[in-house]
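Below are the chains, spelled out letter by letter.
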Amino acid sequence: MERYETRRMDHLGIVAGVCREIGLIEQVNQLVKPSERKVSCGRAVQALVLNALGFTSRALYLVPDYLKNRPVDVLVGEEVSAAELNDDTLGRGLDDLYAAGVTEVFAGVASRALEVYGIEHRFVHLDSSSLHVHGEYEVGAGESDEAGKLITITEGYSKDHRPDLKQAVVTLITSQASSIPIWLEALDGDSSDRVSFPRTVQAYCKALGETEQPYYVMDSAGYSEDNLKAMEKIRWLTRVPETLKQAKELVVETSKTDMQPLEEGYWGKEVASQYGGIRQRWLVVYSQAAQQREERGLERKQAKELKTVGIQWRKLMQQRFNCQADAEQALAQFNQKLHYHQVQASLETRSRYARPGRPGPKDQRQVLSYQLRGTLNPNPAALEKICLTFGKFILATNEIDAQALPASEILSHYKEQSVSVERGFRFLKDPLFFAHSLFLKSPARIMALIMVMGLALLIFALAERQLRLRLKQENVTIPSQTGKPTQTPTMRWVFQMFEGIDLLLIMQDEQVLQRKVLNLSPNHLQIIRLLGEQVQNCYSPPN
């Protein structure tokens, strides 16, 4: 007698298809120590990636629950059941990843992915962020073992604004504007970008070997005399810290009238520099949008200061001083702590005759006390000095050839920093992502899980890039969230479009007679076709 069962597929066929395309399971199994376990490390990793990109916030021990109504044979591999993907299996997989070296495994998988999809990059983007954790991490943290150095889970500068929690730091290198991660490192919770950035760049350069080195784009944390000397043979592009004396002076001295247009809303002027003994080009940039943003910020700061010091000034005016010098000193101290305002004040004296009764012709009034009187007003000189820097910042590169890297490209590639690597961190810190806040008790497993998070980002970014590329190549569109045609959909939206896709199993006894994928619309079929053969195979499983 025939019976029917359904398995929930949704968008996981896309995830599994991209994993198949880059050979995720095979690549991981090649890079880790061989195991006799039924569920290999590669399959455990793919299960974790599926769980991560399901955006379910499930802990490791709940992965079997998440997968129990999914077609595990299609998504992970034949002869593997959801029950076998338990916390013990997944934990052992994480241990294998750590033993093989999480950065090395990630780099191997990412390198293979770039090769499969034919992705080349002239510029790469480097940045770091923190992932906060819960619990105590004392035993083994920061120690070395046969697999290398365990990270120290500890307090540090929290980019999540959670100084109350311990954290680990993750450093990413991504490929230009496509946000595809190509290098990942898990670091101590108190690691400094100023120290870690040059080490990360040197490690990635070593992994590339003799191939042509890209330009490394990073924020101002990587710019210091020591770092520039350490990266002397590496091509870099970074922002110059506003704290440098030379940068402060140059920003004030350079006006918009001295600059040339770079692109809409941006102007720039090149200046030669020898900072740190390294020959380089500085580009002073003026942004109209940045100036307007900083002006609005200044207005808010002025209003906040006026509200705060207004109360303090009224209290000071009620205070009585025994002499004029004390009053003038108090006024000077009050004005000194003001950033945007100043007090124009006068002294009011309180006096009386020395003896009671009607004063005689020779009696003189005696000053008993002094009080300050005046109003709080904006400080024109201070505001003018502050506004001289508005909208301006400095970019630097050691590429001296202006034809190889024109000023306009210096700006455009730096602007991609917020689109590329920072977008990757936003993805990893999404509240729906299962590792936004880590609960594992082993630093080694935390390092491995951070790497799995990076693999999930890799799969997500590859799928998005491939779909957008194929839409553009065929000059076709799919509907956006608002129903309008688009060639640049986000993969998050595509995943939402695939909600409700089921796999119907027609069975007799325990044998599957036929498989049918249900609820596929023309838009679904078009997306599946554009994403390639492996994704098509996931949504057309053999009978």
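Just so you know, these numbers come straight off a predicted model, no measurement behind them.

*Asks:* What should I look at first to understand the packing of helix H6 (residues 87-100) against helix H16 (residues 443-474) in this one?
*Replies:* The relative placement of two packed helices is expressed as an angle between their axes plus a distance between the axes. At a minimum axis separation of 8 Å, H6 and H16 run at an interaxial angle of 90 degrees. Of the possible angle classes, the one that applies to H6 and H16 is roughly perpendicular. Residues Gly91, Arg92, Leu94, Asp95, Leu97 and Tyr98 of H6 lie in contact with H16, whose contacting residues are Ala444, Arg445, Met447, Ala448, Leu449, Met451 and Val452. For the contact of H6 with H16, a count of residues per class yields nine nonpolar, one polar and three charged.

*Asks:* Is there a simple way to think about the sheet that holds strand E18 (residues 511-518) in this case?
*Replies:* For sheets, the rule is that strands pair by backbone hydrogen bonds, running either parallel or antiparallel. Overall, antiparallel pairing links the three strands, which are arranged E1-E17-E18 in an open sheet. Edge positions in the sheet fall to strand E1 (2-8) and E18, since each of these pairs with one other strand and no more. Mean inter-strand twist for the sheet, computed between neighbouring axes without regard to direction, equals 25 degrees. Bridge count for E1 against strand E17 (residues 502-508) is seven bridges, and the pairing is antiparallel. Among the inter-strand pairings, Arg8 is bridged to a residue of E17, identified as Asp502.

*Asks:* Before we go on, may I ask you to explain the pairing of strand E8 (residues 236-239) in this structure?
*Replies:* Every regular strand shows the same layout, with side chains that alternate between the two sheet faces. Two strands pair when backbone bridges link them, and strand E7 (residues 215-218) and E8 are joined in this way by three bridges, in the parallel orientation. When the sheet's bridge partners are listed, Val217 is paired in E8 with Leu237. Read from E7 through helix H9 (residues 225-230) to E8, the crossover connection turns out right-handed.

*Asks:* Please explain a positive patch on the surface as it appears in this structure.
*Replies:* Together, Arg293, Arg296, Arg300 and Lys301 give the surface a local cluster of positive charge. Within the fold, Arg296 resides in helix H11 (residues 288-318). The class of Arg296 is partly exposed, set by a relative accessible area of 46%.

*Asks:* How should I be thinking about the nonpolar core in this particular structure?
*Replies:* In this structure, Val49 and Leu97 are the most contacted members of the largest nonpolar core, which totals 127 residues. Of all the elements, H16 adds the most residues to this core, at 20 residues. Sequence-distant contacts of Val49, that is, excluding residues within four places in its chain, are made with Val15, Cys19, Leu24, Val452, Leu455, Ala456 and Ile459. Counting 15 residues, the second-largest nonpolar core is a separate cluster that includes Leu237, Leu405, Ala407 and Ile410.

*Asks:* Would you explain the pattern of salt bridges in this entry?
*Replies:* Counted under the stated rule, the structure contains 20 salt bridges. Ionic pairing is found between Lys415 and Glu263, a salt bridge with its closest N-O pair at 2.5 Å. Here Lys415 is found in helix H14 (residues 407-419), whereas its partner Glu263 is found in strand E9 (residues 260-263), with 152 residues between them in sequence. Using a relative accessible area of 31% as the deciding quantity, one classes Lys415 as partly exposed. Taking the shortest distance from any N to any O, the salt bridge between Glu474 and Arg470 comes out at 2.8 Å. Separated by four residues within a single helix, Glu474 and Arg470 lie in helix H16, roughly one turn from each other. By relative accessible area, which is 30% here, Glu474 ends up partly exposed. Sharing partners across several salt bridges, the network here consists of Arg8, Asp10, Arg70 and Asp502.

*Asks:* Even after reading the chapter, I still don't get the sheet that holds E7, so can you show me in this structure?
*Replies:* Here nine strands make up an open sheet; going across it, the order is E6-E5-E2-E7-E8-E14-E11-E10-E9 and the pairing mixed. A single partner strand is all that each edge strand has here, and the edge strands are strand E6 (180-187) and E9. Sheet twist, expressed as the mean angle between neighbouring strand axes with direction ignored, is 30 degrees. Two strands pair when backbone bridges link them, and strand E10 (residues 266-273) and strand E11 (residues 280-287) are joined in this way by eight bridges, in the antiparallel orientation. Pairing of Gly268 across the sheet is with Val285, part of E11. Against the sheet, helix H10 (residues 245-253) makes contact with E10, E11 and strand E14 (392-397), and its axis sits at roughly 125 degrees relative to E14, the strand it touches most.

*Asks:* What should I look at first to understand H6 in this one?
*Replies:* Under the 1.5 Å per step criterion, the end-to-end length of H6 is 20 Å for 14 residues, consistent within 8% with the ideal 20 Å. Among all positions in H6, only Thr89, Leu90, Gly91, Gly93, Leu94, Asp96, Leu97 and Tyr98 are buried. Among the residues of H6, the N-terminal cap falls to Asn86, whose side-chain oxygen and the backbone nitrogen of Asp88 are separated by 3.1 Å. With its phi angle positive at about 100 degrees, Gly101 sits one or two positions after the end of H6.

The rules behind each value
Residues numbered from 1 in each chain as written. Predicted model: local features only at pLDDT ≥ 70, side-chain atom pairs only at ≥ 80, totals over all residues. Heavy atoms only, no water. Axes fitted to C-alpha atoms, helices over the stretch in contact; angles between N-to-C directions. Helix = DSSP H or I, 4+ residues; strand = E, 2+ residues; numbered from the N terminus. Parallel < 35°, antiparallel > 145°, perpendicular 65-115°, else oblique. Contact = heavy atoms within 4.5 Å. Nonpolar A, V, L, I, M, F, W, Y, C, P; charged D, E, K, R; others polar. Pairing = 2+ DSSP bridges. Right-handed = clockwise from strand over helix to strand, strands pointing away. Patch = residues over 30% accessible without salt bridge, like charges linked within 9 Å, V, L, I, M, F, W, Y side chains within 5 Å. Areas by Shrake-Rupley, 256 points an atom, 1.4 Å probe, with all protein chains shown as cover. Salt bridge = Lys/Arg side-chain N within 4 Å of Asp/Glu carboxyl O. Lys, Arg positive; Asp, Glu negative; His and termini not counted. Charge placed at Lys NZ, Arg CZ, Asp CG, Glu CD. Buried < 20%, exposed > 50% of the residue type's maximum accessible area, 1.4 Å probe, protein only. Core = buried A, V, L, I, M, F, W, Y, C linked by side-chain atoms within 4.5 Å. Expected span 1.5 Å × (residues − 1). Polar contact = N/O pair within 3.5 Å; in protein donor to acceptor, adjacent residues only side chain to side chain.

Limitation: the analysis is restricted to geometry and does not speak to function.
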